[in-house]
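Structural description and commentary
One-letter residues, chain by chain:
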Amino acid sequence: MAILRYILFFFLLCLIQDLHLATSQSFVGVNYGQVADNLPPPSETAKLLQSTTIQKVRLYGSDPAIIKALANTGIGIVIGAANGDIPALASDPNVAKNWINSNVMPFYPSSNIVLITVGNEVLTFGDRSLMNQLLPAIQNMQNALNSVSLGGKIKVTTVHSMAVLGQSEPPSAGMFDPSIGDLMKGLLGFNRATGSPFTINPYPFFAYRSDPRPDTLAFCLFQPNSGRFDSGTKIKYTNMFDAQVDAVRSALNSMGFKDIEIVVAETGWPYKGDPNEVGPGIDNAKAYNGNLISHLRSMVGTPLMPGKSVDTYIFALYDENLKPGPASERSFGLFKPDLTMTYDVALSKSSQPSTAPKNPIAPSPKQKAVWCVPKAGVSDAQLQKNLDYACGQGIDCRPIQPGGACFEPNTVVAHAAYAMNLLYQTAGRNPWNCDFSQTATLTSNNPSYNSCTYPGGST
């Protein structure tokens, strides 16, 4: 009876996940940069986006051709005023009104503009005058929206880099740089008053680049690792993304702004770089973005914000071939200019679980079930890392706890095998979900035994 209850629970969990995926991934967005001379027409990009589960797009400007192309697609659009626009916006309310009249009114509501960002990483830009003008510019933009009755429908904010934090480790000690404390407090007061989000650009890639140890890479790529213990909360973090976002949460909380929503405006990983660059590579990019998307879809959330996913905009939709700097700066694109995928991270609607058809159809040939199991010869230490990582992702590890159906044999390899497979089956059954730092493999041999049932699924 216990096994039947567990199987029923697992079936219902999968059904709920499939139904959720089949509707919308409102927490998965993408950045659409335009520092390039080889981008496809906006109309083709709109079609591409509609073929994916991406539901939001962030523009760094307000290109009318793109905004118009996205009309009637339902895709949420973030548009931006550049840093260079801030002085005029701050000094003259009419400039803000003209900006809204030019960049919002001709398109809204057919084009689903949801957020306006004023400036990008201004507080760490180094220009004190610009920093002081940021809040007045944002307030004038908000007032311009209010004047056309859009103040409650379109939010206004600014985007920050992780450098606004004076401390980020451990996450519970996260705090803003005291040198910008007064400016930050004013901006957060605006966020609270208008219900707009605090938008941040966390990049585990840059964290790894400054600390290129193998365990740091696994921590950044959502792969099995020893984790990092936060003594302040007694929480063991298993990935850098959660740690960075929770550091921001702690900083907000410490200033009394527990109610402000966090949105990740940018995060990504380059798929290639110069020979002397540490970290870029297609395997790393696929692992980071693929595992990030799986993490968001799981709705596990972060340790300090459990049970919900932070709206996250992945950088980037396309490469920007005219960007200066190292090759990695031009190699973040999920798609190529010919609209093909640079690598597959399961964003295509055709790769998502589908709902049951409305009309009866002939049954398709049954696909072979597969399970994710450890490779032979993997050390107990590595298997313990895999076990800790898998059970830390929100899966149900009770069957391998004392008294559970899969507790015996009480060995690391047996418990790790069960947990690794369960994570693979619930995270999307993609090849990278059965990687575990190259210590796992797929098998068609059912590892279930006695009363211990390993959930299985088809590829």
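For the structure, see preceding data.
Please read all numbers here as calculations on a predicted model, not as lab measurements.

From N to C terminus, the protein includes 13 helices and 17 strands. Among the 459 residues that make up the protein, the fraction classed as buried is 51%. Just so you have it, the protein exposes about 20000 Å², and 54% of that area is on carbon and sulfur atoms.

Moving on: helix 10 (residues 240-254). For helix 10, which comprises 15 residues, the first-to-last C-alpha distance of 21 Å matches the rise-based estimate of 21 Å (1.5 Å per residue) to within 8%. Taken across its 15 residues, helix 10 has 13 buried, putting it largely inside the fold. The residue sitting at the N-terminus of helix 10 and contributing the capping side-chain oxygen is Asn 239; that oxygen lies 3.2 Å from the backbone nitrogen of Phe 241. One or two residues past the end of helix 10 sits Gly 256, with phi positive at roughly 85°.

Where helix 6 (residues 128-147) meets helix 7 (residues 181-194), the axes come as close as 10 Å, and the angle between the chain directions of the two elements is 10°. Taken together, the axis directions place helix 6 and helix 7 in an arrangement best described as roughly parallel. Crossing hand, helix 6 versus helix 7: left-handed. Together, Arg 128, Met 131, Asn 132, Leu 134, Leu 135, Ile 138, Gln 139 and Gln 142 of helix 6 and Leu 183, Gly 186, Leu 187, Phe 190 and Thr 194 of helix 7 make up the contact between the two elements. In terms of residue class, the contact of helix 6 with helix 7 is made up of seven nonpolar, five polar and one charged.

Here we take up the state of the cysteines. Within this structure, the stated rule accounts for three disulfides. Residue Cys 372 pairs covalently with Cys 434 via a disulfide, S to S 2.1 Å. Disulfide Cys 372 to Cys 434: torsion about the S-S bond roughly 90°, handedness right-handed. Residue Cys 372 is found in strand 15 (residues 369-374), and its partner Cys 434 is found in the loop between helix 13 (412-427) and strand 16 (440-443); the two are separated by 62 residues along the sequence.

A separate point is the packing of aromatic side chains. In this structure the tally under the stated criterion is 13 aromatic pairs. Geometrically, the ring pair formed by Tyr 203 and Phe 206 is tilted, given 5.0 Å between the ring centres and 55° between the ring planes. Phe 206 sits in the partly exposed class, given a relative accessible area of 31%. Taken together, Tyr 203, Phe 205, Phe 206, Tyr 208, Phe 222, Phe 241, Trp 269, Tyr 288, Phe 315 and Phe 332 form an aromatic cluster joined through their ring pairs.

Time to look at helix 11 (residues 282-298). Taking 1.5 Å per residue, 17 residues should reach 24 Å; helix 11 reaches 24 Å between its end C-alpha atoms and fits that length. Buried residues dominate helix 11, accounting for 13 of its 17 residues. In the stretch just after helix 11, Met 299 is the one whose phi turns positive, near 60°.

Time to look at the pattern of salt bridges. The tally for this structure, following the rule as stated, stands at 10 salt bridges. Of the charged contacts, one joins Asp 396 and Arg 398 as a salt bridge, the two residues approaching to 2.8 Å between their closest N and O atoms. With a relative accessible area of 15%, Asp 396 lands in the buried category. Under the relative-accessibility criterion, Arg 398 is labelled exposed at 56%.

Glancing now at the pairing of strand 11 (residues 262-267). Counting buried positions along strand 11 gives six out of six residues, so the element sits mostly inside the fold. Bridging between strand 8 (residues 198-201) and strand 11 involves three bridges; their strand directions are parallel. Within strand 11, the residue paired with Phe 198 across the bridge is Ile 262. Judged from the two bridges that link them, strand 11 and strand 14 (residues 312-314) form a sheet pairing that is parallel. The residue bridging Val 264 from the neighbouring strand is Thr 312, located in strand 14.

Below, the discussion takes up the pairing of strand 2 (residues 54-59). As paired strands, strand 2 and strand 3 (residues 76-81) are joined by three bridges and run parallel to one another. Across the sheet, residue Arg 58 finds its bridge partner in strand 3, namely Val 78. This β-α-β element, strand 2 to helix 3 (residues 64-69) to strand 3, shows right-handed connectivity.

Within the secondary structure, Ser 111 is located in the loop between helix 5 (93-103) and strand 4 (113-120). Those residues within four positions of Ser 111 in sequence are excluded, and the remaining contacts are Ile 67, Lys 68, Leu 70, Ala 71 and Ile 77.

A few words now on the nonpolar core. Grouped together as the largest cluster of nonpolar side chains are 118 residues, with contacts concentrated most on Ile 116 and Val 118. Look past the residues within four positions of Val 118 in its chain and what remains in contact with it is Ala 81, Ile 86, Leu 89, Leu 134, Ala 137, Ile 138, Met 141, Val 156, Thr 157 and Thr 158.

With that out of the way, let us pick up the packing of helix 12 (residues 380-391) against helix 13. At a minimum axis separation of 8 Å, helix 12 and helix 13 run at an interaxial angle of 40°. Taken together, helix 12 and helix 13 sit at an angle that is classed as oblique. The way helix 12 lies across helix 13 gives a crossing that is left-handed. Residues Asp 380, Leu 383, Gln 384, Asn 386, Leu 387, Tyr 389, Ala 390 and Cys 391 of helix 12 form the contact with helix 13, whose participating residues are Val 412, Val 413, His 415, Ala 416, Ala 419, Met 420 and Leu 423.

About the criteria used
- The written sequence of each chain sets the order in which its residues are numbered from 1.
- Thresholds applied to this predicted model are a pLDDT of at least 70 for local features of residues and 80 or more for the giving and counting of side-chain atom pairs; totals over whole chains, interfaces and linings are not thresholded and use all residues.
- The basis for the side-chain values is all heavy atoms of the structure; hydrogens and waters are excluded.
- Secondary structure is summarised from DSSP: a helix means a run of H or I of at least four residues, a strand means a run of E of at least two, and numbering begins at the N terminus for each.
- Exposure is judged per residue with a 1.4 Å probe applied to protein chains only, and the accessible area is read against the type maximum: over 50% gives exposed, under 20% gives buried, and values in between give partly exposed.
- Where accessible areas are quoted, they stem from the Shrake-Rupley method and a 1.4 Å probe; at the residue level, only the protein chains shown are allowed to cover.
- Expected span of a helix, by definition, is 1.5 Å for each gap between consecutive residues, and there is one gap fewer than residues.
- For the purposes of these results, a polar contact is taken to be a pair of N or O atoms within 3.5 Å, where, inside protein, one atom must be able to donate a hydrogen and its partner to accept one; residues adjacent in sequence count only when each atom of the pair is a side-chain atom.
- Angular values range over 0 to 180 degrees, each being the angle between N-to-C directions of two axes fitted as lines to C-alpha atoms, with helices fitted over their stretch in contact.
- With respect to orientation, any angle under 35 degrees is reported as roughly parallel, any angle over 145 as roughly antiparallel, any angle of 65 to 115 as roughly perpendicular, and every other angle as oblique.
- Crossing handedness is read from the near helix: turned anticlockwise from the far helix by less than a right angle, it gives a left-handed crossing, and turned clockwise, a right-handed one.
- Any two residues having at least one pair of non-hydrogen atoms within 4.5 Å are treated as being in contact.
- The residue classification treats Ala, Val, Leu, Ile, Met, Phe, Trp, Tyr, Cys and Pro as nonpolar and Asp, Glu, Lys and Arg as charged. All others, Gly included, are polar.
- We call a pair of cysteine sulfur atoms a disulfide when they lie within 2.5 Å.
- Here a pair means two rings of Phe, Tyr or Trp (six-membered ring of Trp) with centres within 6.5 Å. Their orientation is stacked below 30 degrees between planes, edge-to-face above 60, and tilted elsewhere.
- Salt bridge criterion: a side-chain nitrogen from Lys or Arg within 4 Å of a carboxyl oxygen from Asp or Glu.
- Strands are labelled as partners when DSSP assigns at least two bridges between them.
- Crossovers are marked right-handed if the path from the first strand over the helix to the second runs clockwise, as seen with the strands pointing away from the viewer.
- Grouping buried Ala, Val, Leu, Ile, Met, Phe, Trp, Tyr and Cys residues that are joined through side-chain atoms within 4.5 Å yields what is termed a nonpolar core.

Treat this as a map of the structure, not an account of what it does.
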